[in-house]
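# Fold and geometry: a report
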Amino acid sequence: QVQLAESGGRLVQAGASLRLSCTASQGNFRATSFGWFRQAPGKEREFVAALSWFNGFTIYGDSMEGRFGISRDNSKNTLYLQINRLEPEDTAVYYCAAAPPWQSPVAQSNGYSYWGQGTQVTVSS
């Protein structure tokens, strides 16, 4: 029932930064958790980060280290993913997803019920 719309992906040079956005509407999204995932051609979908909308608690994927930051703006119903020092290997479609109500942030894609259409991030050398 939650509807998600990603934006902000574009072509950038290596070393640049991007902030992706995901706007949520419909459903009880304020009572659930949201995640960012990415998928490159020929690879499995990879967990990036997740956040509890209610209290702001966050988790990050093991391979993400310190280049990724997840946050939200409650007044704008918007979830963000900040990506710093982009590398060509970051090229992928980035998706946001919403979990069922009252679920804590998880790293598994099957923990989420609603998905956006994705936004393309392309990093050139």
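In this text, all values refer to a predicted model and were calculated from it rather than measured experimentally.

### Points about the state of the cysteines
- Taken as a whole, this structure holds one disulfide when the rule is applied.
- Here C22 pairs with C96 through a disulfide, and the sulfurs are 2.0 Å apart. Between C22 and C96, the disulfide has an S-S torsion of 60° and is therefore right-handed. With a gap of 74 residues between them, C22 in strand β3 (residues 18-25) and C96 in strand β9 (residues 92-98) connect regions that are remote in the sequence.

### Digging into the packing of aromatic side chains
- Tallied over the full model, the rule gives six aromatic pairs.
- Taking 5.7 Å as the distance between ring centres and 90° as the angle between the ring planes, the aromatic pair formed by F29 and W53 counts as edge-to-face. Of the two residues, F29 is situated in the loop between β3 and β4 (33-39) and W53 in the loop between β5 (46-52) and β6 (58-60); the sequence distance between them amounts to 24 residues. Across the pair, W53 and F29 agree in class, each one buried.
- By the ring-pair criterion, three or more aromatic residues cluster together here, those being F37, F47, Y112 and W115.
- A cation sits over an aromatic face here: R19 above Y80, 4.1 Å from the ring centre.
- If you follow R45 out to its NZ or CZ, it ends over the ring of Y95, 4.2 Å from the centre.

### Some points on the side chain of R67
- Inspection of the secondary structure assignment puts R67 in the loop between β6 and β7 (68-73).
- There is a polar contact of 3.1 Å between the side chain of R67 and the backbone oxygen of R85.
- Reaching out from R67, the side chain makes a polar contact with the side chain of D90 at a distance of 2.8 Å.
- Discounting chain neighbours no more than four positions away, the residues touching R67 are Q82, I83, N84, R85, L86, E87 and D90.

### Let's talk about the nonpolar core
- Ranked by size, the top nonpolar core spans 28 residues in total, and within it L4, F34, W36, L79, L81 and Y94 carry the most contacts.
- For this core, the elements supplying multiple residues, two or more each, are β3, β4, β5, β7, β8 (78-83), β9 and β11 (119-124).
- For Y94, the residues in contact, after removing those within four places along its chain, are E6, L20, W36, F37, R38, F68, L81, I83, G118, T119 and V121.
- Among the nonpolar cores identified, the runner-up in size contains six residues, and F37, A50, A97 and A99 belong to it.

Rules behind the numbers
- Residues numbered from 1 in each chain as written.
- Predicted model: local features only at pLDDT ≥ 70, side-chain atom pairs only at ≥ 80, totals over all residues.
- Heavy atoms only, no water.
- Disulfide = S-S within 2.5 Å.
- Helix = DSSP H or I, 4+ residues; strand = E, 2+ residues; numbered from the N terminus.
- Phe/Tyr/Trp six-rings, centres within 6.5 Å; stacked < 30°, edge-to-face > 60°.
- Buried < 20%, exposed > 50% of the residue type's maximum accessible area, 1.4 Å probe, protein only.
- Lys NZ or Arg CZ within 6 Å of the ring centre and 35° of its normal.
- Polar contact = N/O pair within 3.5 Å; in protein donor to acceptor, adjacent residues only side chain to side chain.
- Contact = heavy atoms within 4.5 Å.
- Core = buried A, V, L, I, M, F, W, Y, C linked by side-chain atoms within 4.5 Å.

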